[in-house]
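So the chains spell out like this:
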Amino acid sequence: MKARGGEPKSSGITRLVYIAVAVAAIGGILFGYDTGVISGAILFITGEFSLSPTLEEVATSSVLVGAILGAISGGLLADRIGRRPSIIAASVVFLAGTGTVVVATGLSVFLIGRVLIGVAIGVASFVVPLYISEIAPSALRGGMVSLNQLFITLGILVSYGADYLFSASGNWRAMFAFGAVPATILLIGMFLLPGSPRWLVAHHQQDRATSVLRKIRGTSDVSGELDDIRRSVRMQETGNWSNLLAPSIRMPLIVGIGLAVLQQLTGINTVIYYAPTIFQFAGLHSATASIAATAGVGVVNVLATVVAVILVDRAGRRPLLLAGIAGMVVSLAVLGAGFAFGGAGSGGSLLGLITAVSLTAYVASFAIGLGPVFWLLIAEIYPLNVRGRAMSVATITNWAANFLITLTFLTLAGVMGRAGVFWLYALVGIVAWLFVLRLVPETKGLTLEEIEEHFRAGRHPRELKGAPKP
Ligand code: BGC
C-alpha cells in the first residue's frame with residue numbers, strides 16, 4: 001500500500017480496519033433492505049388496513065419522509081456526539097421503528113414505525129460512509145467506503161428474497177421483522193469498534209485518537225498522520241451551520257448537492273421500486289416472469305457494485321462516473337425507443353427483450369458510477385469541522401429528490417408516455433455527464449487532509465487530480 005501525507009508508510013492494513021469497515025457497512029444493508037422490502041409487503045398491508053390508492057402511496061413513501069428528517073438531524077448529531085455514537089443511535093431507532101411496525105394493527109401506528117425506520121436510515125445513509133472514510137487508509141478509501149453501497153444493493157436483493165419467502169403466507173410482519181437481524185449486529189458491533197480518530201482530534205481527545213490510530217494502522221508511529229489531522233483542525237474554526245457559507249466550501253457544496261440531485265433524477269429508483277411494473281408495461285404479464293426479471297436486476301446491481309469497489313481506487317472516481325453515466329444515458333435512450341417503437345407490430349416479446357437488456361445495462365451502469373461514487377465523494381470533499389453538516393445537506397437533497405421521483409413516476413408516465421419519461425431521465429443523464437466533466441474533482445489516493453487543503457486554498461475542484469502514480 002502506498003502511504004500518503006503523514007500516514008505511516010510501514011503500516012499494513014490491520015484486520016481491525018477491515019472488521020470496522022465491514023460492521024459499519026451493515027448500515028447499508030438497513031438502507032437497502034428497508035427501502036426495498038415495502039414493494040412486496042405493501043400488497044398485504046393494503047388488504048389488511050383497507051388502504052385507498054392515496055393511503056397506499058403514503059404508506060410506501062413514509063420511509064422517505066423519515067429519511068429526510070434523519071438526514072436533517074444526523075449532521076448535527078455526527079459533528080456533536082461523534083460518528084460512532086450516531087450510528088449506534090440510528091440502530092436503536094431502527095429497532096424501535098421495526099418493533100412498532102411489527103406490532104401495528106392500524107395505519108397510524110404503522111406509519112409512526114416506518115417514519116422511525118426512515119429516520120434511522122437517513123442518519124445511517126451518510127454517517128456510515130463518513131465513519132468509514134475517516135478510518136480507512138487513503139489508498140483503499142474508495143473501495144472501503146463503497147462497501148456501504150455494496151451492502152445497500154445486497155440489502156435490496158435480500159429484501160426481494162424475504163418478500164418472496166413470506167408472500168406465500170402473506171406474513172408482512174415477518175418481512176419487516178427480518179430487518180432487525182442486521183440492525184442488532186450493527187448495534188453490538190459498533191459498541192465494540194473504535195471511534196473516528198479525526199473526530200476525536202477535532203474534539204480535543206488526542207490520547208484516544210492516538211490509541212485508535214495505533215490500533216487501526218498497526219504501528220506505534222502515527223505521529224505523522226496525527227500531525228496532519230491536527231494541522232487541519234487548527235486551520236478551521238469550530239464548525240457551525242454558517243460555516244457552510246464559507247467561500248472555500250461553496251464549490252464542494254455545489255458538487256455534493258448537484259450529484260445528490262442527479263443521482264436520483266436520472267431515475268434509478270423508478271427501476272428499484274417499480275421494476276415489476278416496468279416489466280409489465282413491456283408485456284411480461286406473468287407475475288413469475290416479472291419477479292424473476294426483478295431479481296435479475298437486483299443481482300446485476302450487486303455484481304456491478306463489486307466491480308466498482310474493485311476499480312474505484314485504481315481507475316479513480318471520475319472515470320467510473322463518466323463511463324457509468326454514459327452507459328445510463330444510452331440504455332435509457334434505448335429503453336425509451338423500445339417503448340416508442342418496439343410495441344406496435346413487432347410483438348410484446350421484442351419489447352420485453354429490449355426492456356430486460358436495457359434495464360440491466362442501465363442498473364449496471366448506475367452501480368459502476370453514480371451509485372457508489374456519490375456517497376463516496378460526499379464523504380471526501382468537506383472539511384472536518386463541518387463534514388457531518390455538509391454531508392447532511394447533500395443527503396437531505398438526495399432523499400428529497402428520491403421522494404420526488406418516486407411520487408411522480410407513474411403520473412409522468414401517464415402524461416408524457418412511457419418512452420417520454422425514460423427519455424427525460426436520459427436528458428438529465430446528459431446534464432449529469434457534463435456536470436461531472438466540468439465540476440467533479442478526482443480524489444483517488446489523496447488523504448482527506450490533502451483534499452481539504454486544496455479547497456481551503458480556494459482552488460477549483462477540477463484542479464484536484466488525485467495522487468500521482470507511485
Ligand atoms: C441510492 C438509492 C438507490 C440505491 C440503489 C443508492 O446509492 O442512493 O436511492 O436505491 O443506490 O442501489
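Source: prediction; values computed, not measured. (Residues numbered from 1 in each chain as written. Predicted model: local features only at pLDDT ≥ 70, side-chain atom pairs only at ≥ 80, totals over all residues. Heavy atoms only, no water.)

### A few points about the overall build of the protein
At step 1: Looking only at helices and strands, the protein has 21 helices and zero strands in total.
At step 2: Rg of the C-alpha trace for the protein: 22 Å, near the compact-globule value of 23 Å for 470 residues, within the 12% margin.
At step 3: A principal-axis box enclosing the C-alpha atoms of the protein has dimensions of 70 × 45 × 40 Å.
At step 4: Buried positions account for 59% of the 470 residues belonging to the protein.
At step 5: Pairs at least 24 apart in sequence give 82% of the contacts found in the protein among residues at least 6 apart.
At step 6: Carbon together with sulfur atoms contributes 69% to the accessible area of the protein, which is approximately 17400 Å² in total.
At step 7: Of note, the protein has its 32 positive side-chain charges centred 4 Å away from the centre of its 22 negative side-chain charges. (Helix = DSSP H or I, 4+ residues; strand = E, 2+ residues; numbered from the N terminus. Rg over C-alpha atoms; globule rule 2.2 N^0.38 Å. Buried < 20%, exposed > 50% of the residue type's maximum accessible area, 1.4 Å probe, protein only. Contact = heavy atoms within 4.5 Å. Areas by Shrake-Rupley, 256 points an atom, 1.4 Å probe, with all protein chains shown as cover. Lys, Arg positive; Asp, Glu negative; His and termini not counted. Charge placed at Lys NZ, Arg CZ, Asp CG, Glu CD.)

### Section: the side chain of Thr-35
At step 1: The residue Thr-35 is located in helix H2 (residues 26-36) in this model.
At step 2: Exposure remark for Thr-35: the relative accessible area of 7% places this residue in the buried category.
At step 3: Only 2.8 Å separates the side chain of Thr-35 from the backbone oxygen of Phe-31, close enough to count as a polar contact.
At step 4: A polar side-chain atom of Thr-35 sits 3.2 Å from the main-chain carbonyl oxygen of Gly-32. (Polar contact = N/O pair within 3.5 Å; in protein donor to acceptor, adjacent residues only side chain to side chain.)

### Section: the pattern of salt bridges
At step 1: All chains considered together, the criterion is met by 17 salt bridges.
At step 2: As a salt-bridge pair, Glu-380 and Arg-317 come within 2.6 Å of each other at their nearest N and O atoms. In this pair, Glu-380 sits in the loop between helix H18 (370-378) and helix H19 (387-416) while Arg-317 sits in helix H16 (residues 317-342), placing the two residues 63 residues apart along the sequence. Both residues of the pair, Glu-380 and Arg-317, belong to the buried class.
At step 3: One salt bridge in this structure joins Glu-463 and Arg-459, with 3.1 Å as the shortest N-O distance.
At step 4: Since its relative accessible area comes to 41%, Arg-459 is described here as partly exposed.
At step 5: Shared partners join several salt bridges into a network, and the residues in it are Asp-79, Arg-83, Glu-134, Arg-387, Arg-389, Glu-452 and Arg-456. (Salt bridge = Lys/Arg side-chain N within 4 Å of Asp/Glu carboxyl O.)

### Digging into the side chain of Arg-389
At step 1: Structurally, Arg-389 is set in helix H19.
At step 2: Take Arg-389: its relative accessible area is 5%, and that puts it in the buried class.
At step 3: At 3.0 Å, the side chain of Arg-389 forms a polar contact with the side chain of Asp-79.

### A look at a nonpolar patch on the surface
At step 1: On the surface, a nonpolar cluster with roughly 700 Å² of combined accessible area is contributed by Val-415, Met-416, Leu-424, Leu-427, Ile-430, Trp-433, Leu-434 and Leu-437.
At step 2: Elements with a minimum of two residues in the nonpolar patch: H19 and helix H20 (418-439).
At step 3: The greatest single-element share of the nonpolar patch, amounting to six residues, is contributed by H20.
At step 4: Tracing the backbone through its elements, the reader meets Trp-433 in helix H20. (Patch = residues over 30% accessible without salt bridge, like charges linked within 9 Å, V, L, I, M, F, W, Y side chains within 5 Å.)

### Considerations on the confidence of the model for the protein
At step 1: Of all residues in the protein, 96% have pLDDT values of 70 or greater, and the mean over the chain is 91.
At step 2: Within the protein, the lowest mean pLDDT, 83, falls on helix H14 (residues 268-281), and the highest, 98, falls on H18. (pLDDT = per-residue confidence, 0-100.)

### Thoughts on the site of the ligand
At step 1: Surrounding the ligand, one finds 13 residues, the nearest of these being Gln-149, Gln-263, Gln-264, Asn-269 and Trp-375.
At step 2: Measuring from an oxygen atom of the ligand, one finds a side-chain N or O atom of Gln-149 at 2.8 Å.
At step 3: Here the ligand has 310 Å² of accessible area as a free molecule, and 99% of this is covered by the chains.
At step 4: For the shell around the ligand, the secondary structure elements donating two or more residues are helix H7 (141-167), helix H13 (247-265), H18 and H19.
At step 5: Per element, the largest residue contribution to the shell around the ligand is three residues, and it comes from H7.
At step 6: By residue class, the composition of the shell around the ligand is four nonpolar, nine polar and no charged. (Near = heavy atom within 4 Å. Nonpolar A, V, L, I, M, F, W, Y, C, P; charged D, E, K, R; others polar.)

### Topic: the environment of Gly-258
At step 1: Relative to the elements of secondary structure, Gly-258 occurs in helix H13.
At step 2: Residues Gly-258 and Val-334 lie 76 residues apart in sequence; the distance between their C-alpha atoms is 25 Å.

### Section: the packing of aromatic side chains
At step 1: The final tally for this structure, using the stated rule, is 14 aromatic pairs.
At step 2: Seen in terms of ring centroids, Phe-110 and Phe-176 are 5.9 Å apart; in terms of plane orientation they differ by 75°. Their pairing is edge-to-face. Here Phe-176 lies in helix H8 (residues 172-177) and Phe-110 lies in helix H6 (residues 107-135), a separation of 66 residues in the sequence.
At step 3: Take Phe-110: its relative accessible area is 0%, and that puts it in the buried class.
At step 4: Ring geometry for Phe-339 and Phe-422: centres 5.7 Å apart, planes at 15°, overall stacked. Of the two residues, Phe-339 is situated in helix H16 and Phe-422 in helix H20; the sequence distance between them amounts to 83 residues. Accessibility assignment for this pair places Phe-339 and Phe-422 in one class, buried.
At step 5: Ring pairs connect the aromatic residues Tyr-274, Phe-339, Phe-409, Phe-422 and Tyr-425, which therefore count as one cluster. (Phe/Tyr/Trp six-rings, centres within 6.5 Å; stacked < 30°, edge-to-face > 60°.)

### Thoughts on the packing of helix H1 (residues 15-24) against H7
At step 1: Packing of H1 against H7 leaves a shortest axis separation of 9 Å and a crossing angle of 35°. Crossing handedness for the pair H1 and H7: right-handed. Listed contacts from H7 to Val-17, Tyr-18, Val-21 and Ala-22 of H1 are Met-144, Leu-147 and Phe-151.
At step 2: Among the residues making up the contact of H1 with H7, the classes are represented as seven nonpolar, no polar and no charged. (Axes fitted to C-alpha atoms, helices over the stretch in contact; angles between N-to-C directions. Left-handed = near helix turned anticlockwise from the far one by under 90°.)

### Observations regarding H1
At step 1: Within H1 the residues assigned to the buried category are Val-17, Ala-20, Val-21, Val-23 and Ala-24. For H1, the angular spread of buried residues about the axis comes to 170°, placing them on one side. (Arc of directions from axis to C-beta.)

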